[in-house]
Amino acid sequence: MTAVAEKSKVMNAQHIGQSCQSCSLGRYVETVDSNEWWVKCDNCDQLVFVYTPMPHQLRFHNDPVKYKMYAGGYGSAKTSTCGAEFIMLALNTPNGQGLVGAHTYPQLEQTAKKQILDMLPEELIESHNQSKGVLKLTNGYTILFRSFDDEQKLRSLNLCHVWIEEANGTTLSIFTQLQTRLRHHATDDHKIILSTNPDSNWIKTDFLMQSARIYGSEDKYPRKHEEMNRNMHVHIARTDMNIYLPSDYVETVSAGKPDHWINRYLKGSFIQAEGLVYPNFDKAIEYELTSADIIKNIQEKGWTVYGGSDFGINDPTTLLLAAINPVDGMVYVYSEYVKNRLAVPTHAATMKRRMAHLGHGSLQKLVGDPSGKRKNINDKKSIFDHYAEYGIYYKEGDNRIDAGIMKVFGYLDMGKLKVLAECTETIFEHQNYRYPEQELDGKATDKPIDKDNHTCDTLRYIIQELPDDPSALKSVGYGGGRTIYVKDTQSHLPFELQDEGGAYSRDDWYNDYY
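Residues numbered from 1 in each chain as written. Predicted model: local features only at pLDDT ≥ 70, side-chain atom pairs only at ≥ 80, totals over all residues. Heavy atoms only, no water.

Trainee: Could you give an account of the pattern of salt bridges, naming the residues involved and the relevant values?
Mentor: Summed over all chains, the structure comprises 19 salt bridges. Here Asp402 and Lys447 are joined by a salt bridge, their closest N and O atoms 3.5 Å apart. On the criterion of sequence distance, the pair formed by Asp402 in helix 13 (residues 401-413) and Lys447 in the loop between helix 14 (424-432) and helix 15 (454-464) is long-range, its members being 45 residues apart. Judged by its relative accessible area of 34%, Asp402 falls in the partly exposed class. Beyond isolated ion pairs, a larger network of salt bridges with shared partners links Glu218, Arg238 and Asp240. (Salt bridge = Lys/Arg side-chain N within 4 Å of Asp/Glu carboxyl O. Helix = DSSP H or I, 4+ residues; strand = E, 2+ residues; numbered from the N terminus. Buried < 20%, exposed > 50% of the residue type's maximum accessible area, 1.4 Å probe, protein only.)

Trainee: Help me get a handle on the packing of aromatic side chains, residues and values and all.
Mentor: Each aromatic ring pair is described using two quantities: the centre-to-centre distance and the angle formed by the ring planes. Counted under the stated rule, the structure contains 20 aromatic pairs. Between Trp38 and Phe49 the ring centres are 4.8 Å apart and the planes differ by 20°, which places this aromatic pair in the stacked class. Placement of the pair is Trp38 in strand 2 (residues 38-41) and Phe49 in strand 3 (residues 47-49), with a sequence separation of 11 residues. In this structure an aromatic cluster arises from ring pairing among Trp37, Trp38, Phe49 and Tyr51. Over the ring of Phe145 we find Lys113; its NZ or CZ atom is 5.3 Å from the centre of that ring. When the ring centre of Tyr287 is taken as reference, the NZ or CZ atom of Lys220 above it lies at 4.2 Å. (Phe/Tyr/Trp six-rings, centres within 6.5 Å; stacked < 30°, edge-to-face > 60°. Lys NZ or Arg CZ within 6 Å of the ring centre and 35° of its normal.)

Trainee: Quick rundown of unusual backbone geometry? Include the residues and the values.
Mentor: The backbone of Ser24 sits at a positive phi, close to 65°, despite the residue not being glycine. Within the secondary structure, Ser24 is located in the loop between helix 1 (3-15) and strand 1 (28-29). One non-glycine residue, Ser34, adopts positive backbone phi at about 55°. Mapped onto the elements, Ser34 comes out in the loop between strand 1 and strand 2.

Trainee: Lay out the sheet that holds strand 2 in plain terms, naming residues and giving numbers.
Mentor: Strand order in the open sheet formed by 3 strands is 1-2-3, and the pairing between neighbours is antiparallel. Each edge of the open sheet is held by one strand with a lone partner, namely strand 1 and strand 3. Bridging between strand 2 and strand 3 involves 3 bridges; their strand directions are antiparallel. Residue Trp38 lies in a different strand from strand 3, and its bridge partner there is Phe49. (Pairing = 2+ DSSP bridges.)

Below you can see the structure in the form of structure tokens.
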């Protein structure tokens, strides 16, 4: 029995013998099956649900949004909260139909199905076909119990409501398919509720990070306003918010556990440091300053800028701009561009607009993925050459992964690197940039997973251009010089004898953007 169920039993006992608030003639007695969640009047047979939610549970129940997730740590009453929510929806929708499911049927039987059956008294159940997983209520509402291991099984359903238990074990395609099933005529208020432990899969990327509201979180999750879905809300509950747990529960459970485990399973955090390349990246997120503030300092106080890019077609092409405060040597990533499936002229036009605020001498270097210097054997041009045709001149970036990661880590560790909260793609990739899980033989790898790391590579190229010691960036006269990136004179040589660096020299620099 959950902690909340124990409280419910106490409340059940407190209601027994009290006068019925419906008819005022009878008194409350136990249900036929002595269900701890209910009492009924011995005169008019009125049933009363005695579930009394805690404040954070009540906030969840009062939230009218169409898709809402209850995410929390162990003992945070996820299952009982969503069970009570689903039952209230069912009892208020006569002749409707709802679905309760988890990834596997054994998992479902041990959690959500058990909770529903525990919470419903015999008086409200008309029939229960266990072999078919169908529960019919006396108001005509049908509850279907299904596993979510096969999307095809869901395609013929017409539903009013859905409860996805342990949603982190399901897939985005299941959630998407269930959204299309919300079309039963018994209600206009269709809903999907999800209960889950925090995870880094789709429940974070496609639900949490797209939710219009996040309640109860101690962490901040920078999101793009244009990607927020007003139909999605997330409610996060820490384990210690359950006031009915034993007083030493959190202390006992957390004993000997690493911080990343405590943050995820007791504090309900979606920011998971286990295996992360930059476990303290959250401390680098700058919430106070805006890009307008940085641009003003560049234009009025002479802050200088370094830029970097990664190149792709299906993978995104990126541009990050980082400004340096010459007073304290702080590096601020203040502008990001991340787009895929666009041609070089389109990328270049947007990049030039992004850099239009840079005055003469502001841009110190613009570095790119060194693979961009390789010439194509057909047209004898490199990616760098193509961008140069549109007035954007790249220098070959330093692509030593281990050295670059250590240098970025150092800047983060010393508190000398900040990323503005509006740079959401950069933040998301760095928060999820991780190493592969350690093999059973104990051998770990120093190579991060090569996925969703395009801004990570870009920032690495930029930081590699800076001194190892960030204090060396402090300079009263910083940014005062001007260097011109000059065309190389290799054009008279045969293509095969030209340096791979392309038509632009490696050591000269062009920074006159306008």
